[in-house]
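Fold and geometry: a report
Read off the chains here:
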Amino acid sequence: MKQQDPATTWTGLFNRNRVATNGMSLDYIPSELVEGSIIVKLDKGETEKEIDKWKSALIVYVVGDTTRYNYMSKYVQQNWNTVSEPGIYYHEEGYYIVKFQRIAYMNEILYAGPYSINNGPMILKQWIPDFDFNAEFLTELPLWVKFPNLLMSCWSRDSLIRIASAIGVPKYADECTAKQTRISFARMIIEVNVIKSLPSEITVMDPSGKTFQQGVIFEWKHEYCEQCLMIGHNCDKQRRDRLKKEEQKQTRPIERKKRPQKLVSTWVPKVDTHKPATSTGDQQGTSYAGATKQTQQEA
């Protein structure tokens, strides 16, 4: 059996983590005392340098699954191979940070979605400086949204932004929408709030004051649980489905089993065909043997 290179495994990354020569030396910088409390003040230039380093990164979260580091690394290599191989960083809360070499590479992967792993939807969100890893769920998710049969007068950039803004924060329109090469529907990435219900249509008013209903189709709809404050399932919906199945079992008509049939023996005369009968009424030459015949009767 071929053994995996320890350097490519998650645990293998930390085999020599505490070796002094592999780390970096640190100095002492005193904190400040403000109104009796110790305050740590960060340097603006240093924080901006780190922000600039991570601005081409994506937050990756797989709904309903804690994908292992090796599996995620293999997925990225096989499915995101149109750009230079990014760095992959795992957080114990179940998130990954995928850091690309350029912002253009990040956008190419982000806008080419949606993606899934083992039938679990993959959520991609651009990294922001105040992203909180300790938050139990993402409240704002970028989703691909279609607007079918959108009127041709509504395909300008300004109109698309206004229409998409009724649902969330518009981020990107695909090439066919931007160039109007596919006019059956407009397609955009919109960052929506997962706590709110997703509409199936919105009301649009044209400059003359006339309104019309515009259909909305989400390529992936999330499930949000208000009890667990998590996406990927809904405890109330699961409980309702379970109660519905129990009610169906109780109201289902009981099928009566058919009672088994039993065999009843009756005696019937048997005609002897070896000797011809001399007359109809003459019983000579005709012998009657008691033959048993079984008939079925319902008990």
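Reference entry: report on the structure contained in this document.

Rules behind the numbers
- Residues numbered from 1 in each chain as written.
- Predicted model: local features only at pLDDT ≥ 70, side-chain atom pairs only at ≥ 80, totals over all residues.
- Heavy atoms only, no water.
- Pairing = 2+ DSSP bridges.
- Helix = DSSP H or I, 4+ residues; strand = E, 2+ residues; numbered from the N terminus.
- Axes fitted to C-alpha atoms, helices over the stretch in contact; angles between N-to-C directions.
- Salt bridge = Lys/Arg side-chain N within 4 Å of Asp/Glu carboxyl O.
- Buried < 20%, exposed > 50% of the residue type's maximum accessible area, 1.4 Å probe, protein only.
- Polar contact = N/O pair within 3.5 Å; in protein donor to acceptor, adjacent residues only side chain to side chain.
- Contact = heavy atoms within 4.5 Å.
- Phe/Tyr/Trp six-rings, centres within 6.5 Å; stacked < 30°, edge-to-face > 60°.
- Lys NZ or Arg CZ within 6 Å of the ring centre and 35° of its normal.

Strand order across the open sheet formed by five strands is β4-β5-β3-β7-β6, with antiparallel pairing between neighbours. In this open sheet, the two edge strands, each paired with only one partner strand, are β4 (87-90) and β6 (115-117). Pairwise comparison of adjacent strand axes, ignoring direction, gives a mean angle of 30° for this sheet.

Here we come to the pattern of salt bridges. Counting across every chain of the model gives 10 salt bridges. In this structure, E46 and K49 form a salt bridge, with 3.6 Å as the shortest nitrogen-oxygen distance. With a gap of three residues between them, E46 and K49 both fall in helix α1 (residues 44-54), about one helical turn apart. E46 gets classed as partly exposed once you look at its relative accessible area, which sits at 43%. Three or more residues joined by partner-sharing salt bridges are found here, namely D174, R182, R187 and E219.

Let's shift gears to unusual backbone geometry. One non-glycine residue, N149, lies in positive phi territory at about 55°. You can see N149 is positioned in the loop between β8 (140-148) and α4 (157-165). Here Q180, not a glycine, exhibits a phi torsion of approximately 55°, which is positive. Summarising the element assignment, Q180 is placed in the loop between α5 (175-179) and β10 (185-193).

Inspection of the secondary structure assignment puts Q214 in strand β12 (residues 211-215). In terms of polar contacts, Q214 uses its side chain to reach the backbone carbonyl oxygen of P148, at 2.8 Å. The residues touching Q214, leaving out its near neighbours within four places in the chain, are F147, P148, N149, L150, S200, E201, I202 and V204.

All right, on to the packing of aromatic side chains then. Tallying each qualifying case throughout the model produces nine aromatic pairs. Centroid distance W54 to Y89: 5.2 Å. Interplanar angle 75°. Geometry classified as edge-to-face. Placement of W54 in helix α1 and of Y89 in strand β4 is noted, with a sequence separation of 35 residues between them. Their ring planes at 80° and their centres at 6.2 Å tell us that Y75 and W80 sit as a pair that is edge-to-face. Judged by its relative accessible area of 11%, Y75 falls in the buried class. Pairwise contacts between aromatic rings join Y75, W80, F100 and Y115 into one cluster. In this arrangement the basic side chain of K146 is found over the ring face of F185, its NZ or CZ atom lying 4.7 Å from the centre.

Turning our eyes to something else, we now look at the pairing of β10. The buried fraction of β10 is high, at eight of nine residues. Of the strand pairs in this sheet, β8 and β10 are connected by nine bridges, and their pairing is antiparallel. Along β10, the bridge assignment pairs K146 with R187. Where strand β9 (residues 169-173) meets β10, four bridges bridge the pair, whose relative direction is antiparallel. Bridge assignment links V169 to a residue of β10, and that residue is E191.

What follows concerns the pairing of strand β3 (residues 57-62). Of all six residues making up β3, six are buried, and the element is well covered by its neighbours. Of the two faces of β3, the one lined by A57, I59 and Y61 and the one lined by L58, V60 and V62 are each fully buried. Pairing geometry for β3 and strand β5 (residues 96-99), over four bridges, is antiparallel. Residue A57 lies in a different strand from β5, and its bridge partner there is K99. Note that β3 and strand β7 (residues 120-126) share five bridges and pair antiparallel. Each bridged residue has a counterpart across the sheet, and for Y61 the counterpart in β7 is I123.

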